[in-house]
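So you can see what is in the structure, the chains are spelled out below.
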Amino acid sequence: MPQPPQPPDRPPSPPTGSRRERDRQRKSLVVGAAVAALFAVGAGVWAAVGYGGGRPDAGPRTRDTDRAGRHTDAVPTGPSGGTGTTSGRHGGESGPDDARRPGEARVLFRKPAPQAPRTGADIPGFWVMDGYAVKPVQNRVIAYGDHGEPKWTVKLRDAVCAVPESPTDGKVVIAYRGGGKDECGRLALIDLGKGVKLWDRRAPYTAPSAPGAPTPGAATQGASTPHAPTASGGDHLGMGLAQSGDLVGLSWYGGSAVLKVDDGRQVSPGAPGPGCDVDGFAGGRALLRAYSCDDGTAGLQRINTSTDEVSWTYRVRKGYKVSTIFSTAPVVIALADEHHKSGGVLALSDRGKRRPTLDLGKRSYQPECGLDLFGTKLGGCRGVAVSSDTLYLPTELTLARDGRPSSEIHAFDLRTGQRKWAAKVPGRTLFPLSVEGGALIAYEEPTDRTAGSVVGIGTSGGRPRTLLRLPSATRVAEAGLASATRVYRNGVFYIASDRLTGSGAAEEMIMAFCR
């Protein structure tokens with residue numbers, strides 16, 4: 001087996017670009033016309049235009065763009081701000097509610113980031129529950145109430161290093177460090193409703209050889225097991241997790257496995273085929289497994305979370321493999337060849353039959369798909385939203401005639417592959433968040449002078465309408481949360497950091513806003 005690329009102390013520094021690009025450190029996947037310009041990094045990719053090396057300057061401009069792109073206001077429902085819990089005043093900002101202007105959102109709470117090593121630290125994961133939100137913070141998993149008050153804490157022996165995007169039935173399997181240097185080799189099941197650890201075990205090293213074969217050393221309730229299968233399969237570098245129903249798929253450099261969520265027992269849906277290896281999983285409403293083979297073929301499989309068996313297989317055209325899974329239900333995937341050149345974006349039916357390839361035209365699209373050195377994390381792209389019949393993608397940033405950067409959201413019909421409509425706000429960048437209540441929810445990013453907003457766009461298109469205008473007093477802190485999970489739920493907008501910079505300066509970990 002070839003030696004894996006060595007994980008750096010922190011993500012490699014991008015090419016020097018604009019100040020805002022250096023601050024944001026956006027890691028992206030580009031699909032469409034610009035996909036040929038990619039840097040290969042280990043087994044993963046960066047878009048060459050993703051850090052300013054050829055991408056238009058995404059830096060904020062001095063002109064206030066609100067006059068050209070003012071939205072119509074809408075009144076969302078949700079809790080009122082109350083007093084909240086703030087983390088103090090940072091960087092010369094006013095107190096978040098003292099300087100609140102008419103029409104601006106209230107700061108529900110702010111949570112400062114803990115200290116981090118100078119090399120920084122990843123803090124992946126954030127889940128919004130009913131009445132509270134849960135955030136892994138180094139070696140702890142903490143639940144925060146509606147106003148930022150701690151509800152419960154689960155302590156682990158080391159830092160959380162990988163999480164799935166979605167829990168199931170209020171439970172989530174997380175991976176934390178253990179087993180060796182840089183190894184993301186321990187697993188734990190956390191009950192997000194009760195705030196307890198249900199089991200804890202070492203990650204397996206390889207899948208059972210036969211479907212349904214049991215795993216030696218099943219997990220024990222609330223405790224750790226000292227041993228796990230020790231066949232070859234890598235050292236859990238680049239761990240990726242995907243959870244759906246009672247199954248969680250694990251993929252790392254050199255190995256993969258599927259476990260039952262409830263008890264941590266390892267199961268096998270069977271090998272993809274002779275000479276084939278699992279590339280990764282994506283979860284949520286379904287569990288999908290992508291694979292590639294020595295003969296240049298590749299495919300995608302859906303695993304039935306009730307029977308633990310493969311329910312269908314879609315074979316990708318030769319020379320390409322699944323590079324990204326945007327959605328598991330409906331299934332929407334991106335293909336790429338070994339040189340990371342795009343093979344298009346296409347949809348599959350719920351039985352694994354091919355639907356039309358999306359007609360991207362000459363535009364390039366740039367969702368945030370994160371840094372994946374080992375090519376094991378196929379799901380979880382941000383800036384993408386999917387409904388039953390529509391995919392929403394953000395375009396790559398462009399410069400308007402007046403020099404202001406902006407991006408659009410394009411809606412694609414999954415039944416025809418054709419673009420349905422485009423939405424934009426002049427001089428602003430837009431990112432899809434989710435589809436709720438018959439509308440697309442999107443985030444309008446802050447500029448040098450204007451705070452961000454949460455906007456809604458009807459499924460038939462039209463002008464974005466403001467759902468939540470974030471306060472000017474927290475604009476600097478908001479802009480500082482560049483690598484973050486963003487969730488809009490029941491009138492509350494959460495921004496939760498995924499990485500601590502370790503710069504020594506005060507930084508936010510979570511910010512929550514409401515009317």
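Since we're looking at a predicted model, the values are computed, not measured. (Residues numbered from 1 in each chain as written. Predicted model: local features only at pLDDT ≥ 70, side-chain atom pairs only at ≥ 80, totals over all residues. Heavy atoms only, no water.)

*Asks:* Mind laying out the overall build of the chain, listing which residues take part and the relevant values?
*Replies:* Along the backbone of the chain there are two helices and 43 strands. Looking at the chain as a whole, 57% of its 515 residues are labelled buried. At a minimum sequence separation of 6, the contacts of the chain that also span at least 24 residues come to 55%. Surface accessibility of the chain: about 21200 Å² in total, with carbon and sulfur atoms responsible for 47%. (Helix = DSSP H or I, 4+ residues; strand = E, 2+ residues; numbered from the N terminus. Buried < 20%, exposed > 50% of the residue type's maximum accessible area, 1.4 Å probe, protein only. Contact = heavy atoms within 4.5 Å. Areas by Shrake-Rupley, 256 points an atom, 1.4 Å probe, with all protein chains shown as cover.)

*Asks:* Before we move on, can you summarise the sheet that holds strand E20 (residues 266-267) with the specific residues and values?
*Replies:* What the four strands build is an open sheet, ordered E17-E18-E19-E20; its pairing is antiparallel. Looking at the sheet topology across the chains shown, the edges are occupied by strand E17 (240-244) and E20. (Pairing = 2+ DSSP bridges.)

*Asks:* Explain the side chain of Asp337 to me, using residue names and the numbers behind them.
*Replies:* Counting through the fold element by element, Asp337 comes out in the loop between strand E26 (331-336) and strand E27 (342-348). Among buried charged residues, Asp337 stands out as having no salt bridge; its nearest opposite-charge side chain is Lys341, 6.2 Å away. A polar side-chain atom of Asp337 sits 2.8 Å from the main-chain amide nitrogen of His339. In this structure the side chain of Asp337 is engaged in a polar contact, spanning 2.8 Å, whose partner is the backbone nitrogen of Lys341. (Lys, Arg positive; Asp, Glu negative; His and termini not counted. Salt bridge = Lys/Arg side-chain N within 4 Å of Asp/Glu carboxyl O. Polar contact = N/O pair within 3.5 Å; in protein donor to acceptor, adjacent residues only side chain to side chain.)

*Asks:* Run through the nonpolar core, naming residues and quoting values.
*Replies:* Residues Phe109, Phe126, Tyr144, Tyr494, Met509 and Ile510 are the most contacted members of the largest nonpolar core, which totals 19 residues. Of all the secondary structure elements, the ones that give two or more residues to this core are strand E5 (106-112), strand E8 (132-137), strand E9 (140-145), strand E41 (492-497) and strand E43 (508-514). Filtering out sequence-adjacent residues up to four positions away, Ile510 remains in contact with Phe109, Arg110, Lys111, Phe126, Lys135, Tyr144, Ile495 and Ala496. In this structure, Met239, Leu241, Leu250 and Leu259 belong to the second largest nonpolar core, which totals 18 residues. (Core = buried A, V, L, I, M, F, W, Y, C linked by side-chain atoms within 4.5 Å.)

*Asks:* So, the sheet that holds strand E28 (residues 354-357): which residues are in play, and what are the values?
*Replies:* Strand-to-strand pairing in sheets goes through backbone hydrogen bonds, with the strands running parallel or antiparallel. Spatially, E25-E26-E27-E28 is the arrangement adopted by the four strands of the open sheet, whose pairing is antiparallel. With one partner strand each, in any of the chains shown, strand E25 (321-328) and E28 form the two edges of the open sheet. Here the average twist between neighbouring strands, direction ignored, is 30°. Examined bridge by bridge, E26 and E27 share six bridges and lie antiparallel to one another. Paired with Ala334 across the bridge in E27 is Val345. (Axes fitted to C-alpha atoms, helices over the stretch in contact; angles between N-to-C directions.)

*Asks:* Let's hear about the pattern of salt bridges: which residues, and what values?
*Replies:* Applying the stated criterion across every chain, the model contains 13 salt bridges. A salt bridge links Lys197 to Asp200, with the nearest nitrogen and oxygen atoms 3.1 Å apart. For Lys197, a relative accessible area of 25% gives the class partly exposed. Residue class for Asp200 comes out buried when judged on its relative accessible area of 1%.

*Asks:* Residue-level account of the confidence of the model for the chain, with values.
*Replies:* In this model, the chain carries a mean pLDDT of 81, and residues with pLDDT of at least 70 account for 75%. Low pLDDT, under 50, characterises residues 34-84; the predicted model gives this stretch 150 contacts beyond four residues in sequence or across chains. Across residues 207-233, where pLDDT falls below 50, the model places 65 contacts with residues more than four positions away in sequence or in other chains. (pLDDT = per-residue confidence, 0-100.)

*Asks:* Break down the state of the cysteines for me, citing the residues and quoting the values.
*Replies:* Considering all chains together, one arrives at three disulfides under this definition. Covalent S-S linkage joins Cys161 and Cys184, the inter-sulfur distance amounting to 1.9 Å. Classification of the bridge connecting Cys161 and Cys184 rests on its S-S torsion, roughly 95°, and on that basis the disulfide is right-handed. Residue Cys161 is located in strand E11 (residues 160-162), and its partner Cys184 is located in the loop between strand E12 (171-176) and strand E13 (186-191); the two are separated by 23 residues in the primary sequence. The exposure classification of Cys161 matches that of Cys184, with both residues buried. Between Cys276 and Cys293 runs a disulfide, and the two sulfur atoms are separated by 2.0 Å. One disulfide, between Cys276 and Cys293, carries an S-S torsion of 95° and so falls in the right-handed class. Placement of the pair is Cys276 in strand E21 (residues 276-282) and Cys293 in strand E22 (residues 287-293), with a sequence separation of 17 residues. Here the chain pairs its bonded cysteines, counted in sequence order, in the arrangement 1-2, 3-4, 5-6. (Disulfide = S-S within 2.5 Å.)

*Asks:* If you had to explain the packing of aromatic side chains to someone new, which residues and values would you point to?
*Replies:* According to the stated counting rule, one finds four aromatic pairs in the structure shown. Here the aromatic rings of Tyr365 and Phe412 are separated by 5.6 Å at their centres, their planes lie at 75°, and the arrangement is edge-to-face. With Tyr365 in strand E29 (residues 364-365) and Phe412 in strand E34 (residues 408-413), this pair connects stretches of sequence that are 47 residues apart. Taken as a pair, Tyr365 and Phe412 share a single burial class, namely buried. Taken together, a centroid distance of 5.8 Å and an interplanar angle of 50° make the contact between Tyr392 and Trp421 tilted. Note that Tyr392 is positioned in strand E31 (residues 390-394) and Trp421 in strand E35 (residues 419-424), a separation of 29 residues in sequence. The class for Trp421 is buried, based on a relative accessible area of 9%. Cation over ring: Lys151 sits above Tyr132, and NZ or CZ is 5.2 Å from the ring centre. (Phe/Tyr/Trp six-rings, centres within 6.5 Å; stacked < 30°, edge-to-face > 60°. Lys NZ or Arg CZ within 6 Å of the ring centre and 35° of its normal.)

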